[in-house]
Amino acid sequence: MQVPRADNPAESRTVLGHVGYFMFLSRWIQAPLYLGLIIAQVVYVWRFMMELLHLVELGFGGSPAETTVMLIVLGLVDVVMISNLLIMVIIGGYETFVSRLRIEGHPDQPQWLSHVNANVLKVKLAMAIIGISSVHLLQIFINASRPTITERELLWKTLIHLTFVVSALTLALIDRIMAGARRDQDSNGGARQSPLQQERVAA
């Protein structure tokens, strides 16, 4: 009677290795998402140019109210800040979750990209969202005298902005705690390794 053979461990490891490599390749599924955000960036550039042209026509072709000019300028600032947010998501997200950009030593390499990770990216995105929310809130305050802006709307948008601020502070605090824990772990690991190194030197 023939005894069934056990599975070959080497073959099992090979199969698992292929499955793991396939899962690792699945990160490229996100690449079209970042390409789509680049297209969104182009749309925002087009919108910025249209708003800028409108501002130039008003500024040199008439006498608009100062509030009108201020609102258009705030709209331009809003577009720029959203565009900066898109850049951080595109470059930082691709670098963190898809593949290395391999631009080390390039003179135009963003300073924040050299130490970007998932936690740092979350904090930077939260700060960018706060900036965008601040611009929208300022636009609401400028238009507060209009009857279409109610006190309820002002209250809720202010609370939403404060929620963004608290969320960003919480993310930054969590990131600092985790960084401190990693430093403590590294220092403890170094302290545990130092006697071993001394024994090797003595040997």
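Residues numbered from 1 in each chain as written. Predicted model: local features only at pLDDT ≥ 70, side-chain atom pairs only at ≥ 80, totals over all residues. Heavy atoms only, no water.

**Quick word on a nonpolar patch on the surface**
To keep things clear, this is the line we draw: Every patch collects residues that have over 30% relative accessible area and no salt bridge, joining them within 9 Å if they carry like charges and within 5 Å if they are nonpolar side chains (Val, Leu, Ile, Met, Phe, Trp, Tyr). In short, Shrake-Rupley with a 1.4 Å probe defines the accessible areas, and a residue's cover is counted only from the protein chains shown. Salt bridge, as used here, is a side-chain nitrogen of Lys or Arg placed within 4 Å of a carboxyl oxygen of Asp or Glu. Strands are runs of DSSP state E lasting at least two residues, helices are runs of H or I lasting at least four, and both sets are numbered from the N terminus onward.
There is a patch of nonpolar side chains on the surface, built from Val45, Trp46, Met49, Met50, Leu52, Leu53, Val56 and Phe60 and spanning about 820 Å² of accessible area. Secondary-structure assignment places Leu52 in helix α2 (residues 31-61).

**Topic: the nonpolar core**
Our working rule: Remark: nonpolar core denotes a set of buried residues (Ala, Val, Leu, Ile, Met, Phe, Trp, Tyr, Cys) joined through side-chain atoms within 4.5 Å. Relative accessibility thresholds used throughout: buried, under 20% of the residue-type maximum; exposed, over 50%; partly exposed, between the two (1.4 Å probe, protein chains only). Residues are treated as being in contact if the distance between any of their heavy atoms lies within 4.5 Å.
One finds Ile82, Leu85, Met88, Ala128 and Ile132 forming the largest nonpolar core, which totals five residues. Elements that contribute at least two residues to this core include exactly α3 (66-97) and α4 (118-142). By residue number, the principal contributor to this core is α3, which donates three residues. Aside from chain neighbours lying at most four places away, what touches Leu85 is Leu125, Ala128, Ile129 and Ile132.

**Section: the environment of Glu95**
Our working definition: Identification of polar contacts relies on pairs of N or O atoms within 3.5 Å, with a donor-acceptor requirement for protein atoms, meaning one able to donate a hydrogen and the other able to accept it, and with residues adjacent in sequence counted only if both atoms are side-chain atoms.
As for its position among the elements, Glu95 is in helix α3. Taking the relative accessible area as the measure of exposure, Glu95 reaches 12% and is therefore buried. The sequence separation of Glu95 and Ala118 amounts to 23 residues, and the corresponding C-alpha distance is 9.9 Å. Polar side-chain contacts of Glu95 include one of 3.0 Å to the side chain of Arg100.

**Details of the packing of aromatic side chains**
Rules: Any two of the Phe, Tyr and Trp rings considered here, Trp counted by its six-membered ring, make a pair once their centres fall within 6.5 Å; the pair's planes then place it as stacked at under 30 degrees, edge-to-face at over 60, or tilted in between.
Taken as a whole and assessed by the stated rule, the structure comprises two aromatic pairs. Between Trp28 and Tyr94, the aromatic rings sit 6.2 Å apart at their centres with planes inclined by 70 degrees, giving edge-to-face as the arrangement. Remark: Tyr94 occurs in helix α3 and Trp28 occurs in the loop between α1 (9-25) and α2; sequence separation between them is 66 residues. A residue is classified by how much of its surface remains accessible, and Trp28, at 37% relative accessible area, is partly exposed. Where Tyr34 meets Tyr94, the ring centres are 6.3 Å apart and the plane angle is 85 degrees; that geometry is what we call edge-to-face. Residue Tyr34 is located in helix α2, and its partner Tyr94 is located in helix α3; the two are separated by 60 residues in the primary sequence. Across the pair, Tyr94 and Tyr34 agree in class, each one buried.

By themselves, these observations are geometric and do not establish any function.
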